[in-house]
Amino acid sequence: MTPYDDKKIVITGGSSGIGLATARLFARGGAHVLITGRDRSALDAALERLGDKAVGVRSDAASLADIKALSGTVQERFGAVDALFVNAGVTASAPLDAVTEEMYDALFDINTKGAYFTVQALAPLLREGSGVVLTTSVVNVLGLDALGVYAASKAALRSMTRTLARELLPRGVRVNAVSPGPTDTGVLDRAVPADVAETMKDTYRSTIPMRRLGTCEEVASAAAYLAFGATFSTGAEFPVDGGASQL
Ligand SMILES: NC(=O)c1ccc[n+]([C@@H]2O[C@H](COP(=O)([O-])OP(=O)(O)OC[C@H]3O[C@@H](n4cnc5c(N)ncnc54)[C@H](OP(=O)(O)O)[C@@H]3O)[C@@H](O)[C@H]2O)c1
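Residues numbered from 1 in each chain as written. Predicted model: local features only at pLDDT ≥ 70, side-chain atom pairs only at ≥ 80, totals over all residues. Heavy atoms only, no water.

> Account for the overall build of the chain, with residues named and values stated.
A count of helices and strands for the chain gives eight helices and seven strands. The C-alpha radius of gyration computed for the chain amounts to 17 Å, which stays within 12% of the reference 18 Å derived for 247 residues, consistent with globular compactness. Overall size of the chain, expressed as C-alpha extent along the three principal axes, is 45 × 35 × 35 Å. When each of the 247 residues of the chain is scored for burial, the buried share is 49%. Long-range contacts, defined here as pairs at least 24 residues apart, represent 69% of the contacts in the chain between residues at least 6 apart. Put simply, the chain shows about 11700 Å² of open surface, and 53% of that area lies on carbon and sulfur atoms. With 24 positive and 27 negative side-chain charges, the chain shows a spacing of 7 Å between the two charge centroids. (Helix = DSSP H or I, 4+ residues; strand = E, 2+ residues; numbered from the N terminus. Rg over C-alpha atoms; globule rule 2.2 N^0.38 Å. Buried < 20%, exposed > 50% of the residue type's maximum accessible area, 1.4 Å probe, protein only. Contact = heavy atoms within 4.5 Å. Areas by Shrake-Rupley, 256 points an atom, 1.4 Å probe, with all protein chains shown as cover. Lys, Arg positive; Asp, Glu negative; His and termini not counted. Charge placed at Lys NZ, Arg CZ, Asp CG, Glu CD.)

This is the structure:
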């Protein structure tokens, strides 16, 4: 008997970084994991690492049609769901005078609107006693340069964590958020030029009380705890940020 034996777990944005590390933790523990992402080849590469019990569904969190289709696929494959990790998200940075409407809409469409409607679409499939975990960010309580839109998209998600927790309480479903600090997933390297990424990482390290970036596995273990272990917690946000939001 393994800790997540035959549990049915959906992870959006499960093809890389934090989502993939969480999928690996659950898959190693015996769970059936369904991961999503937009890029089919990234999903296939992730499935090779996750083993036979994993399923990869191409689904764009910014598309309500994709979210509806995802809920149909989950129902078909799993019936009921034991945990939902709403983790798909993107980062982009720009100072106030350079933010465009396109950038603003893309961040909110994926990070906030997509997350909300994913919970709405999958809520009917959540078993009593199940856990929903949303990925927010340490930046939702900080005022960092050039991250205003991203931070706001995650602050909205933190707020939604509370209301969704209230609304799903009668169904016995807990809703919590994991709030990573800068985590070494490679996302920063993809979002900005290499020299800017290195400068930002140095800045992060210097401001984080623990003086290092987090790992995907550290965030994954917190997400797993919130999904299954935190049986007397709902509406909460758990920071995994080396003390950045607390000290
Ligand atoms: N890394 C950090 O320092 C950090 C800190 C705080 C919070 N976070 C949050 O943690 C979450 C995971 O980020 P990560 O760092 O692990 O990044 P990552 O390695 O880039 O992973 C992001 C995942 O989300 C998927 N994704 C992105 N846009 C999507 C969309 N529109 N629809 C469906 N899937 C989508 C990606 O696949 P495709 O690109 O193929 O779609 C990928 O599987 C995000 O919500 C991010 O905001 C990260």
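The discussion continues.
> Explain the packing of helix α3 (residues 64-78) against helix α4 (residues 101-122) to me, and be specific about the residues and the numbers.
Where α3 meets α4, the axes come as close as 9 Å, and the angle between the chain directions of the two elements is 35°. In the packing of α3 onto α4, the handedness of the crossing is right-handed. Residue-level contacts link Leu-64, Ile-67, Ser-71 and Val-74 of α3 to Lys-113, Gly-114, Phe-117, Thr-118, Ala-121 and Leu-122 of α4. For the contact of α3 with α4, the per-class residue count stands at six nonpolar, three polar and one charged. (Axes fitted to C-alpha atoms, helices over the stretch in contact; angles between N-to-C directions. Left-handed = near helix turned anticlockwise from the far one by under 90°. Nonpolar A, V, L, I, M, F, W, Y, C, P; charged D, E, K, R; others polar.)

> Give a description of the nonpolar core that names residues and reports values.
Formed by 31 residues in total, the largest nonpolar core has its most connected members in Ile-11, Phe-26, Val-33, Ile-35 and Val-178. If you list the elements that add at least two residues to this core, you get β1 (8-12), α1 (17-28), β2 (32-37), α2 (40-50), β4 (81-86) and α8 (216-229). Considering each element in turn, this core owes the most residues, eight residues, to α8. When neighbours within four sequence positions are excluded, Val-178 is seen to be in contact with Phe-85, Val-133, Leu-134, Thr-135, Thr-136, Val-219, Ala-222, Ala-223, Leu-226, Phe-238 and Val-240. (Core = buried A, V, L, I, M, F, W, Y, C linked by side-chain atoms within 4.5 Å.)

> Could you give me a rundown of the confidence of the model for the chain, with the residues and numbers involved?
Mean pLDDT over the chain stands at 96; residues scoring 70 or higher make up 100%. Here helix α6 (residues 187-191) stands out as the least confident element of the chain, with mean pLDDT 76; β1 is the most confident, with 99. (pLDDT = per-residue confidence, 0-100.)

> Give a detailed account of the pairing of strand β3 (residues 54-58), specifying residues and quantitative values.
Taking burial as the measure, the five residues of β3 include four buried ones, the bulk of the element. As defined by bridge partners, β2 adjoins β3 across five bridges and the pair is classed as parallel. Along β3, the bridge assignment pairs Ile-35 with Gly-56. Chirality of the crossover, the property in question, places the unit of β2, α2 and β3 among those that are right-handed. (Pairing = 2+ DSSP bridges. Right-handed = clockwise from strand over helix to strand, strands pointing away.)

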